Each structure stands twice: as C-alpha cells, then as structure tokens.
Amino acid sequence: MQADQAPVPTSARFTRPRVIAFLVAIFLLLILAVAISATERRERAELLQADADRILDDPRLAPKALAKGRKVFLANCASCHGADGRGSTATGTPDLTDQDFLYGTGLVSEIEQIVLHGIRSGDDRGWNLALMPAYGQQIPYPREKLPPLSPKEIDQLASYVGAMNGQAGEDPADVLAGHNLFEGKGGCWDCHGRDAQGDPAIGAPSLANGKWLRGDGSRRDISRIIREGLHSVSPAFRGRLDPLSARTVAVYVAYLHARKETK
Ligand code: HEC
Ligand code: HEC
C-alpha cells in the first residue's frame, strides 16, 4: 500500500529533454534581456546626444521622450505645477501650458536649465537676476537703491496696473498718478519694461496680459505684492534627477507649452 503513494523518483521528473528545454528557455530569456537593455542604452544615448531643441520634431525620439518625461513630471513637478501643468495662483506657481514665459521663450534647452538649476533656488547657476521688491518696507530692495512707497502711492500703482488689465471704475487721477510712479519714483519700468510687458531675460512678468502669478489680479492682491514683494522659487533638480530624466521632463514641459499654440 505504501509503495503506491511513494513519490515519483527524481530521475523521472528531470528527464534529459526537459533539462535541455529548460536551459534553452533560460538562454533565450538572457538574450532577450541583453537586447532590451542594449536598446534602452541606445535610446538613452540618442536622447542625451540629440540637440535638445530638436527632439520634439523627431518622430522617433519624441514619443519616447514624452512618455518618460510625463512620468518624471508627475513624480517631481505636479505637486507644485499641478498634474495638468496649469499651476496655481493660490501658491504662485505658473501655468506651464501657456505661451507666457517668465524666462526665455519655451525652448527645451531653456526649460532643462530651469529644471537642473532652478529659479532663486540657491544653486549658483539658477535664475536669480531680479526679485520683486517689497515697497512697503523701509529698504524695499537689498540689491539696488529704491525708495519705499506710501500706502497711497501703492494704491495708485494698483489702480494703474488694474486699468491696464481692463479693470473698470478706476479713478483716472489715481491711474495717472500710478503711471507716473511706474515710470518715475517706483522704478517699475526698469524691470517690467516701459509698456509693462515684462522682461523674460530677468524673469519679470508682464503686468498687462491679465495673467497673474499669485492672486486674482484684484486691487487687494496687486497692492499686497507691491507692498510685500515676491520671492518665488522653483527648486534645482541637479543631483536629484539623472540627466535623462531632466532632459525628458523638459521636453514634456516644452510640449505642454507648445500644444496650446496649435489649438
Ligand atoms: C516647490 C514647488 C515647485 C516644484 C516642485 C517645481 N516648481 Fe517649477 N516653479 C515653481 C515656481 C513658484 C515657479 C515660478 C518662479 C517665479 O515666479 O519666478 C516655477 C517656475 C518654473 C518654470 C518657469 C515658467 C515660466 O513661465 O517661464 C519652469 C519651466 C518650471 N518651473 C519647471 C518645473 C519642472 C519641470 C519641475 C519638475 C522637475 C518643477 N518646475 C518643479 C515651483 C515649483
Ligand atoms: C528689480 C526688479 C523689479 C522692480 C523694480 C519691480 N518689479 Fe515687480 N516683479 C519683479 C519680479 C522678478 C517679479 C516676479 C517675482 C516672483 O515671481 O517671485 C515681479 C512681480 C510683480 C507683480 C506680480 C505679477 C503677477 O503676475 O502676479 C506685480 C503686480 C509687480 N511686480 C508690480 C510691480 C510694480 C508696480 C513695481 C514698481 C512699484 C515693480 N513691480 C517693480 C521685478 C521687479
């Protein structure tokens, strides 16, 4: 009775043909793994060696860069810029899907530089050419001599900025006084430009396009920024993201920016 239940002898399970089939399967899997990793290495090298600003026009590289870049974006950037890249005026994080650039013109190489070195991030290769002064303080700007402004003057400037953005009901006398402060005592033109269109060489935003970094463009929010200043930071990812991740996320952001243009 006991003999019936005895296990099949090992020699019967590991017959020679089975062992050979097993070894062949392992060998094929190894070859497949080597082939996949060689393809990955080649694509990686191609993406890193390509002219960054041409990747989006390359029908072979673009889809690969975008797929990887999107993952990197969701893991590293979405927490501030939003999963859809549209940012938030509550936290002062800009929309990355529009044609309004704080820095540069939306090229992949320019965005890659922002990803690696950041904005006011403490990285000495990051953007840090200008801050928005705090005109309500005795010394509004540590880097340059600028006079503090009175609450009335700040109000007049807010009227001028509001009127430029189509805000109805501003007192014309206040708007004119604000204009004079903008061009004169306040020195606003020096960073934001005489026509308030902004300056993408130093990251000073347009004050005339109805788009706001922080707040809703109401008189209260504009006055607060003039009074308290702004010091927005995009972190430096050098050392936190490998070069391929930094490049592909820049490609993805350039794609988000450009997508609207064609709509
Ligand atoms: C901690 C929040 C935060 C994170 C995380 C962050 N950013 Fe930013 N980013 C900002 C803020 C705030 C600004 C605006 C800086 C300013 O006003 O000058 C900004 C600005 C930018 C700009 C310039 C936008 C323009 O209009 O010119 C780009 C491009 C950018 N970020 C890309 C990224 C990418 C890509 C990532 C992820 C790898 C990232 N950021 C992660 C907060 C963040
Ligand atoms: C030294 C350069 C500089 C000067 C002078 C300056 N600004 Fe700015 N301003 C900036 C920068 C840079 C930002 C964006 C700061 C940031 O994102 O952290 C900004 C942002 C702003 C914003 C917020 C815009 C938005 O999209 O939310 C307003 C409003 C503004 N400035 C108004 C003024 C007014 C009015 C004056 C003159 C009284 C003035 N600025 C003078 C550099 C300057």
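Keep in mind that what you see is a predicted model, and the values were worked out from it rather than measured.

### Quick look at the overall build of the chain
Of the regular secondary structure elements, the chain holds 10 helices and 0 strands. In sequence order, the secondary structure elements of the chain are arranged as α-α-α-α-α-α-α-α-α-α. C-alpha extents for the chain along the principal axes are approximately 110 × 45 × 35 Å. Per-residue burial for the chain yields a buried fraction of 37% across its 263 residues. Across the chain, the fraction of contacts at a sequence separation of at least 24, relative to all contacts at a separation of at least 6, is 60%. Carbon together with sulfur atoms contributes 58% to the accessible area of the chain, which is approximately 15700 Å² in total.

### A closer look at the coordination of the iron atom of ligand 1
The iron atom of ligand 1 binds to the protein through His81 (NE2) and Ser234 (OG), with metal-donor distances spanning 2.1 to 2.2 Å. Each of the 6 donor atoms bound to the iron atom of ligand 1 contributes to angles spanning 84 to 180°, and the resulting shape is octahedral. Of this pair, His81 sits in helix α4 (residues 78-81) while Ser234 sits in the loop between α9 (219-228) and α10 (243-261); the two residues are 153 residues apart in sequence, bridging distant segments of the chain. Judged by its relative accessible area of 17%, Ser234 is buried.

### Structural notes on the site of ligand 1
The environment of ligand 1 is formed by 24 residues, the closest being Cys77, Cys80, His81, Leu102 and Ser234. Contact between ligand 1 and Leu102: an oxygen atom at 2.8 Å from a main-chain N or O atom of the residue. At 2.8 Å from a nitrogen atom of ligand 1 is found a side-chain nitrogen or oxygen belonging to Ser234. Secondary structure elements with two or more residues in the shell around ligand 1: α4 and α5 (108-117). The biggest single contributor to the shell around ligand 1 is α5, with 3 residues. Grouping the constituent residues of the shell around ligand 1 by class yields 16 nonpolar, 6 polar and 2 charged.

### Regarding the site of ligand 2
Taken together, 25 residues lie around ligand 2, and Met132, Cys188, Cys191, His192 and Ser232 are the ones closest in. Those elements that place two or more of their residues in the shell around ligand 2 are α8 (188-192) and α9. The greatest single-element share of the shell around ligand 2, amounting to 3 residues, is contributed by α8. Its residues assigned to classes, the shell around ligand 2 comprises 17 nonpolar, 5 polar and 3 charged.

### A closer look at unusual backbone geometry
It is generally the case that most residues other than glycine have a negative phi and that most peptide bonds are trans. One non-glycine residue, Arg120, lies in positive phi territory at about 50°. Assignment of secondary structure puts Arg120 in the loop between α5 and α6 (151-164). On the basis of relative accessible area, Arg120 is assigned to the buried category, the value being 14%.

### Quick look at the coordination of the iron atom of ligand 2
Only Met132 (SD) and His192 (NE2) from the protein reach the iron atom of ligand 2 as donors, at distances of 2.0 to 2.1 Å. The site at the iron atom of ligand 2 holds 6 donor atoms, and with the angles between them running 86 to 179°, its shape is octahedral. One end of the pair, Met132, is in the loop between α5 and α6; the other, His192, is in helix α8, and 60 residues separate them in sequence. Looking at Met132, the relative accessible area reads 21%, which means it is partly exposed.

### Things to note about a nonpolar patch on the surface
A grouping of Phe14, Val19, Phe22, Leu23, Ile26 and Leu30 is seen on the molecular surface, where their side chains present a nonpolar patch of about 610 Å² in accessible area. Among the structural elements, Val19 can be located in helix α2 (residues 16-49). With relative accessibility at 33%, the residue Val19 sits in the partly exposed group.

Rules behind the numbers
Residues numbered from 1 in each chain as written. Chains lettered and ligands numbered in written order. Predicted model: local features only at pLDDT ≥ 70, side-chain atom pairs only at ≥ 80, totals over all residues. Heavy atoms only, no water. Helix = DSSP H or I, 4+ residues; strand = E, 2+ residues; numbered from the N terminus. Buried < 20%, exposed > 50% of the residue type's maximum accessible area, 1.4 Å probe, protein only. Contact = heavy atoms within 4.5 Å. Areas by Shrake-Rupley, 256 points an atom, 1.4 Å probe, with all protein chains shown as cover. Donors = N, O, S within 2.8 Å, 3.2 Å for Na, K, Ca; no water. Tetrahedral: all angles 85-135°; square planar, octahedral: opposite > 155°, others 65-115°. Near = heavy atom within 4 Å. Polar contact = N/O pair within 3.5 Å; in protein donor to acceptor, adjacent residues only side chain to side chain. Nonpolar A, V, L, I, M, F, W, Y, C, P; charged D, E, K, R; others polar. Patch = residues over 30% accessible without salt bridge, like charges linked within 9 Å, V, L, I, M, F, W, Y side chains within 5 Å. Salt bridge = Lys/Arg side-chain N within 4 Å of Asp/Glu carboxyl O.

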